[in-house]
2 protein chains.
Amino acid sequence: MKRTAFFISDGTGITAEALGQSLLAQFKNVQFDKITLPYIDTVEKAKKAAERINKAAEVDEVRPVIFDTIINSEVRQHLEQCNGFMIDIFGTFLEPLESELGAKSSYTVGSSHAIVAQASYSKRIDAINFALENDDGAVTKHYSEADIILVGVSRSGKTPTCIYLALQYGIKAANYPLTEDDILDQRLPKTLQPHRKKIFGLTIDPDRLIMIRNERAPQSRYASQKQCFYEIEEVELMYRRERIPFLNSTHYSIEEISTRIMVMTGIERRVA
Amino acid sequence: MKRTAFFISDGTGITAEALGQSLLAQFKNVQFDKITLPYIDTVEKAKKAAERINKAAEVDEVRPVIFDTIINSEVRQHLEQCNGFMIDIFGTFLEPLESELGAKSSYTVGSSHAIVAQASYSKRIDAINFALENDDGAVTKHYSEADIILVGVSRSGKTPTCIYLALQYGIKAANYPLTEDDILDQRLPKTLQPHRKKIFGLTIDPDRLIMIRNERAPQSRYASQKQCFYEIEEVELMYRRERIPFLNSTHYSIEEISTRIMVMTGIERRVA
């Protein structure tokens, strides 16, 4: 059975998508074609969206599921004419919230992101620049400015995690790759020692590491079973010996690695 | 009036946060202290969360607002004992969805992110690496691989946009800074000409550019009013002359710039 699902918003569609994806993931036996329609902020666009929904209903021979966060009631009315099962995300919760808070909703389009953005734009940009400048151990002199320094063997997930922490939370995250020399040393590299409290380790299952490295450098020593098992074993030993908190990234998404690190370390987000 | 708002989840909390933030932004006259509690996946953790909520209720002298996406009913029950106004995000929508889809929800914790993640992890990582390797015009030889190439003057928002496109959508985005030489030329730089169809321009209000550049290089020629006005004027002329689609990034968040570019260009996301 196949259904079309629409995430429709007068803004970016990020909220409708996040919630819609989570809900649909609960129905493993239904296959969904997912379509996001952002910036549906005029009656004209709403009519076109409704047409698109009706077409999908015809093709699928079953009405699509619509998750929407459209605030403007006139625009929404035109969307509602469609042959779809509508889930009105904002509408459902705004009324109970109004009565609980004893305040009226402003019904402002896309205000959430606009407000959050203005206040935090510079912090996020600064944090992204910090992550880029302090990626892969290239530069180590700014470590005193860092909120966190991720360490781990090559391809254990350090860079995407730093970037996500910067983008999402405005956290200044540097990363330092543990090389074979560092591993032979069996100690935390000298450069890192003054920053011990900010250091967090990543590890990964050797089998997964072999796979990832083979995509980069097929059949190399770097991607060999022997090398990957050796590096991971030694690095985990080092984390334990040096009492560095660490996380195995194998089964987690970038978002999960990042949020788990925040819980484990207690570092605070820099943007609301 | 001040209220505490909690975003609580058995997973990352990203969905609860995205929806909660959007809803709270509709109440401009209420001030919220926002707290995210991810990974509340045991009765023990739920009890602790409930205690924390009760404490906030005491301090604020008004019950907090709770947005939660906890699936496990036993865990959720213990949370519900708290003195808070609970908004059960998943619960509200799962039942109507079940009857519309004629299927049972699997009530699986954090499954949304896990599934999406496994399928798309490599694509996202590849795209992030691509964005880093092809940032700031350093390398131009991979442009034929790019899904999009952002151009614009220094500090117009190219890098964070490329990174967001990669992280969120798995899109391979390169960026190329338009320098004074390029501007004097009044034409699209030679390196870019073969890739004309993939090129998208960013621009920014000169006053905002002056501010941003002054943070980097105070009182420099680079940050001067004259220079910023000149660069922006010439670049926008060039976009028009060369018929390059472009966007003014001044009033938008990174997410908005990115989603608007996707709408304007029609490029498709590479991950679900």
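Going by the structure above, here's the rest.
Residues numbered from 1 in each chain as written. Chains lettered and ligands numbered in written order. Predicted model: local features only at pLDDT ≥ 70, side-chain atom pairs only at ≥ 80, totals over all residues. Heavy atoms only, no water.

Peer 1: Just checking my understanding: could you explain the sheet that holds strand β6 (residues 173–177) of chain A for this structure?
Peer 2: Each strand in a sheet pairs with another by means of backbone hydrogen bonds, the pair being arranged parallel or else antiparallel. Residue and element names in this part refer to chain A. The parallel open sheet is built from four strands, whose spatial order is β6-β5-β7-β8. Unpaired on one side and paired on the other, β6 and β8 (246–248) mark the two borders of the sheet. Adjacent strand axes in the sheet meet at a mean angle of 25 degrees, parallel and antiparallel pairs treated alike. Sheet topology places strand β5 (residues 148–152) next to β6; five bridges connect them, and they run parallel. Residue pairing for β6: I148 is matched across the bridge by A173. Lying over the sheet, helix α9 (residues 225–241) contacts β5, β7 (199–203) and β8, oriented at roughly 150 degrees with respect to β7. (Pairing = 2+ DSSP bridges. Helix = DSSP H or I, 4+ residues; strand = E, 2+ residues; numbered from the N terminus. Axes fitted to C-alpha atoms, helices over the stretch in contact; angles between N-to-C directions. Contact = heavy atoms within 4.5 Å.)

Peer 1: What am I meant to see in the interface of chain B and chain A here?
Peer 2: Listed per partner, the contact involves 78 residues of chain B and 77 residues of chain A. Between chain B and chain A, roughly 7,100 Å² of surface is buried when both sides are summed, and carbon and sulfur atoms account for 65% of that area. The interface formed by chain B and chain A holds ten salt bridges in total. The interface formed by chain B and chain A holds 20 residue pairs in polar contact (both at pLDDT 80 or more) in total. Take the side of chain B that touches chain A: its biggest share by element is 14 residues, from helix α5 (residues 111–133) of chain B. Counted by class, the side of chain B that touches chain A contains 41 nonpolar, 19 polar and 18 charged residues. (Buried area = accessible area lost by both parts, 1.4 Å probe. Salt bridge = Lys/Arg side-chain N within 4 Å of Asp/Glu carboxyl O. Polar contact = N/O pair within 3.5 Å; in protein donor to acceptor, adjacent residues only side chain to side chain. Nonpolar A, V, L, I, M, F, W, Y, C, P; charged D, E, K, R; others polar.)

Peer 1: So what exactly am I meant to see when it comes to the environment of D135 of chain A here?
Peer 2: For D135 of chain A, the position within the fold is in the loop between α5 (111–133) and β5. Distance from D135 of chain A to Y230 of chain A, taken between C-alpha atoms, is 24 Å for residues 95 residues apart in sequence. Apart from residues lying up to four places away in sequence, D135 of chain A is in contact with T159 and N175 of chain A together with L132 of chain B.

Peer 1: Just checking my understanding: could you explain the relation of the copies chain B and chain A for this structure?
Peer 2: Note: a rotation about an axis with an accompanying shift along it relates these two copies of the chain. Structural alignment of chain B on chain A gives an RMSD of 0.0 Å, achieved by rotating through 180 degrees and translating 0.0 Å along the axis. Both copies of the chain, as the preceding transformation shows, are related through a two-fold rotation axis. Both copies share a contact surface, since 99% of the interface residues of chain B are interface residues in chain A too. (Least-squares fit on C-alpha atoms with pLDDT ≥ 70 in both.)

Peer 1: Could you clarify how one ought to interpret the nonpolar core in this entry?
Peer 2: When a protein is soluble and globular, its nonpolar side chains tend to lie buried together. Residues I148 and I261 of chain A together with I148 and I261 of chain B are the most contacted members of the largest nonpolar core, which totals 48 residues. Once you skip the residues sitting within four places of it in the chain, I148 of chain B turns out to touch L165, I171, K172, A173, A174, K198, F200, I261, T265 and I267 of chain B. Core analysis: the next-biggest nonpolar cluster, separate from the first, contains 41 residues, V30 and L101 of chain A together with V30 and F85 of chain B among them. (Core = buried A, V, L, I, M, F, W, Y, C linked by side-chain atoms within 4.5 Å. Buried < 20%, exposed > 50% of the residue type's maximum accessible area, 1.4 Å probe, protein only.)

Peer 1: In this structure, what is going on with the sheet that holds strand β3 (residues 65–68) of chain B? I would like to understand it.
Peer 2: All names here are of chain B. Pairing is parallel across the open sheet formed by four strands, whose spatial order is β2-β1-β3-β4. Two strands lie at the open edges of the sheet, namely β2 (31–37) and β4 (85–88), each paired on one side alone. Each adjacent strand pair in this sheet contributes to an overall mean axis angle of 20 degrees, direction not counted. Here β3 pairs with β4 via four bridges, running parallel. Each residue of the ladder has a partner; that of D68, found in β4, is D88. The sheet strands contacting helix α1 (residues 14–24) are β1 (2–8), β2 and β3, and the helix crosses β1 at an angle near 155 degrees.

Peer 1: Just checking my understanding: could you explain the pattern of salt bridges for this structure?
Peer 2: Pairing is possible between side chains that carry opposite charge, provided their charged atoms lie close to one another. Enumeration over the complete set of coordinates arrives at 36 salt bridges over all chains. The partner of R221 of chain B in a salt bridge is E180 of chain B, with the nearest N and O atoms 3.1 Å apart. One end of the pair, R221 of chain B, is in the loop between α8 (206–216) and α9 (225–242); the other, E180 of chain B, is in helix α7 (residues 180–185), with 41 residues separating them in the sequence. By relative accessible area, which is 53% here, R221 of chain B ends up exposed. Among the ionic contacts, a cluster of salt bridges with common partners joins D68, R76, E80 and D88 of chain A.

Peer 1: What's the story with the packing of helix α6 (residues 158–169) of chain B against helix α10 (residues 254–265) of chain B in this structure? I'm lost.
Peer 2: Each pair of packed helices gets described by two things: the angle between the helix axes and the distance between those axes. All names here are of chain B. Between α6 and α10, the least distance of the axes is 9 Å, while the angle of their chain directions is 75 degrees. With respect to their mutual orientation, α6 and α10 come out roughly perpendicular. Here P160, T161, Y164, L165 and Y169 of α6 come into contact with α10, specifically with I254, E255, I257, S258, T259, I261 and M262. Across the contact of α6 with α10, the residue classes break down as eight nonpolar, three polar and one charged. (Parallel < 35°, antiparallel > 145°, perpendicular 65-115°, else oblique.)

Peer 1: Is there a simple way to explain unusual backbone geometry in this structure?
Peer 2: When glycine is set aside, most residues are seen to have a negative phi, and most peptide bonds are trans. Residues and elements named next belong to chain B. Of note in this structure, R155 is not a glycine but carries a positive phi near 75 degrees. If you trace the backbone, R155 turns up in the loop between β5 (148–152) and α6. For R155, a relative accessible area of 23% corresponds to the partly exposed category.

Peer 1: Quick question: what am I supposed to make of the side chain of E236 of chain A here?
Peer 2: Residue and element names in this part refer to chain A. One can find E236 in helix α9. Within the buried set, E236 has no salt-bridge partner at all; the shortest N-O distance to an opposite charge, 4.1 Å, is to R240. Apart from residues no more than four positions distant in its own chain, E236 is found in contact with T203 and F246. (Lys, Arg positive; Asp, Glu negative; His and termini not counted.)

Don't take any of this as a statement about function, it's just geometry.
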